[in-house]
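# Understanding the architecture of this molecule
Spelled out, the chains give:
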Amino acid sequence: MQTLHSLDPLRRAVAELRETGKIALVPTMGALHEGHLTLVREARKRADHVIVSIFVNPLQFGANEDLDKYPRQLERDSALLQGEGVALLWAPTVEAMYPQGFASNISVQGVSEGLCGASRPGHFDGVATVVCKLFHQVLPDVALFGEKDWQQLAVIRRMARDLDLTQPHVDAVLGVPTVREDDGLAMSSRNAYLTPEQRVQAVALPNAMKVAIAEIERGEPVTASIARLGKVLLDGGFSSIDYAELRDADSLALRDERSTAPMRLLVAARIGTTRLIDNMAVTGQ
Ligand SMILES: Nc1ncnc2c1ncn2[C@@H]1O[C@H](COP(=O)(O)OP(=O)(O)OP(=O)(O)O)[C@@H](O)[C@H]1O
Ligand SMILES: CC(C)(CO)[C@@H](O)C(=O)[O-]
Ligand code: BAL
């Protein structure tokens, strides 16, 4: 596996790989876990060469967020990716990604608004801008993202369609189902911030979501179920709820009572200062 940190060698390496087959891109911020490795394994099934990017993207962190303390473990991550048969690790420096004077921004309207877009202003502009750059740098045939970050996936799909990133080089933006710990907590690099006690409490998030979904699917009023979900989390050690909302799964539009489109329950909540997100399908609406 090659590891590259600047753009010219990356372009040369990508051109060489493309001569011998299809390329899949898996963008990450590192501190890899089984969720990321599942994306890599899915990528290997869909292309001849897998390129993984590791870049803790300053543009997508708010002023009071965890950019400085975000875990950086390049050596460990590199060994894991080597073991998964990855062809190339693209780990650009901040200067390589954002050269002096960088002044551009990709902003996706609609799907970026509300949910994480409301609690993390500017976050999805940062995500869209870096992912757009990654697509242009690597020109992948397929790019894979986790459903754990459901709204992010929707933003990237919208951007890829709007900016023609899916033609001619990028065939697909592929979502991969959320990989969970044995107790049901969605794997996330930020789980490492949890104290042992908070880690035990954190499982209330998927559990309370499953209860709320069962209630909603039985036809109980959505608002009451979501209010109970919030109370269970706050009683169980969570410090605040950023949002808990039922949305149209694809457009992320607010739920329309008469719609039969697939729905998604999306939640973001904090334990101490650690912010956890999760989302699950709601059927039978
Ligand atoms: N549990 C998971 N299952 C499937 N995909 C995941 C999971 N966790 C992360 N991913 C996906 O991996 C990619 C890189 O995510 P990232 O590096 O931000 O990891 P993360 O665990 O989501 O970190 P964070 O704690 O910062 O949210 C994204 O497409 C993300 O959706
Ligand atoms: C897609 C991404 C790599 C862009 O920085 C990031 O938001 C992430 O890891 O989910
Ligand atoms: N996993 C999404 C990236 C972020 O939280 O900044």
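Residues numbered from 1 in each chain as written. Chains lettered and ligands numbered in written order. Predicted model: local features only at pLDDT ≥ 70, side-chain atom pairs only at ≥ 80, totals over all residues.

## Quick notes on the overall build of the protein
- Counting its secondary structure elements, the protein contains ten helices and nine strands.
- Looking at the protein residue by residue over its 285 residues, the buried ones come to 39%.
- Long-range pairs, those at least 24 residues apart, make up 70% of the contacts in the protein with a sequence separation of at least 6. (Helix = DSSP H or I, 4+ residues; strand = E, 2+ residues; numbered from the N terminus. Buried ≥ 20, exposed ≤ 12 C-beta atoms within 10 Å, placed from the backbone. Contact = placed C-beta atoms within 7 Å.)

## Some thoughts on the sheet that holds strand 2 (residues 23-28)
- The strand order across the open sheet formed by six strands is 1-4-3-2-5-6, and the pairing between neighbours is parallel. Looking at which strands have only one partner, the edges of the open sheet turn out to be strand 1 (2-4) and strand 6 (172-176). Strand-to-strand twist across the sheet, computed as the mean angle between neighbouring axes with direction ignored, equals 25 degrees.
- For strand 2 and strand 3 (residues 49-54), the ladder comprises six bridges, and the chain directions are parallel. Bridge assignment links Ile-23 to a residue of strand 3, and that residue is His-49.
- Across the sheet, helix 3 (residues 74-83) touches strand 1, strand 3 and strand 4 (88-90), and the angle it forms with strand 3 is around 165 degrees.
- Strands in contact with helix 7 (residues 150-162) are strand 5 (142-146) and strand 6; relative to strand 6, the strand with the most contacts, it is inclined by about 170 degrees. (Pairing = 2+ DSSP bridges. Axes fitted to C-alpha atoms, helices over the stretch in contact; angles between N-to-C directions.)

## Some points on the site of ligand 1
- In the vicinity of ligand 1 there are 18 residues, among which Gly-35, Gly-146, Met-187, Ser-189 and Arg-190 approach most closely.
- Listed by contribution, the elements that provide at least two residues to the shell around ligand 1 are helix 2 (34-46) and strand 5.
- Residue composition of the shell around ligand 1, grouped by class: seven nonpolar, eight polar and three charged. (Near = placed C-beta within 6 Å. Nonpolar A, V, L, I, M, F, W, Y, C, P; charged D, E, K, R; others polar.)

## A look at the sheet that holds strand 9 (residues 274-282)
- One open sheet accounts for three strands, arranged 7-8-9; its pairing is antiparallel. Looking at which strands have only one partner, the edges of the open sheet turn out to be strand 7 (240-248) and strand 9. Sheet twist, expressed as the mean angle between neighbouring strand axes with direction ignored, is 10 degrees.
- Set on the sheet, helix 9 (residues 204-217) makes contact with strand 7, strand 8 (263-271) and strand 9; between it and strand 9 the angle comes to about 30 degrees.
- Helix 10 (residues 222-235) rests against strand 7 and strand 8 of the sheet, and its axis sits at about 150 degrees to strand 7.

## So, the environment of Gly-30
- Residue position: Gly-30 is located in the loop between strand 2 and helix 2.
- Sequence separation between Gly-30 and Glu-181 is 151 residues; the distance between their C-alpha atoms is 18 Å.

## With respect to the site of ligand 2
- Near ligand 2, the surroundings consist of Pro-27, Thr-28, Met-29, Asn-57, Gln-60, Val-127, Val-130, Val-131, Asp-149 and Gln-152.
- Every element with two or more residues in the shell around ligand 2 is listed here: strand 2 and helix 6 (123-138).
- No other element matches the three residues that helix 6 contributes to the shell around ligand 2.
- Split by residue class, the shell around ligand 2 holds five nonpolar, four polar and one charged.

## Observations regarding the UniProt feature "active site" (unreviewed entry) in the protein
- Under the UniProt annotation, the feature "active site" (unreviewed entry) is placed at His-36.
- Here His-36 is to be found in helix 2.
- On the basis of neighbour count, His-36 is assigned to the buried category, with 26 C-beta atoms found within 10 Å. (UniProt positions renumbered as here; feature names shortened; annotations may be inferred.)

## A few points about the packing of helix 9 against helix 10
- For the pair helix 9 and helix 10, the least separation of the axes is 9 Å and the interaxial angle reads 160 degrees. Considered as vectors, helix 9 and helix 10 are oriented roughly antiparallel to each other. The interaxial crossing formed by helix 9 with helix 10 has right-handed handedness. Seen from helix 9, the contacting residues are Ala-204, Leu-205, Ala-208, Met-209, Ala-212, Glu-215 and Ile-216; seen from helix 10, they are Val-222, Ser-225, Ile-226, Arg-228, Leu-229, Val-232 and Leu-233.
- Grouping the amino acids of the contact of helix 9 with helix 10 by side-chain chemistry returns eleven nonpolar, one polar and two charged. (Parallel < 35°, antiparallel > 145°, perpendicular 65-115°, else oblique. Left-handed = near helix turned anticlockwise from the far one by under 90°.)

## Some points on the confidence of the model for the protein
- In the predicted model, the protein carries a mean pLDDT of 96, and 98% of its residues have values of at least 70.
- Within the protein, the element-level pLDDT minimum falls on strand 6, averaging 95, and the maximum on strand 4, averaging 99.
- Predicted complex, confidence summary: ipTM 0.98, pTM 0.97. (pLDDT = per-residue confidence, 0-100.)

## Thoughts on the pairing of strand 5
- Among the five residues in strand 5, five count as buried, and that is most of the element.
- A two-sided burial pattern is seen for strand 5, the buried positions comprising Val-142, Leu-144 and Gly-146 on one face and Ala-143 and Phe-145 on the other.
- In this sheet, strand 5 lies alongside strand 2 in parallel orientation, the contact comprising two bridges. Residue pairing across strands places Leu-25 opposite Ala-143, the latter belonging to strand 5.
- As defined by bridge partners, strand 5 adjoins strand 6 across five bridges and the pair is classed as parallel.

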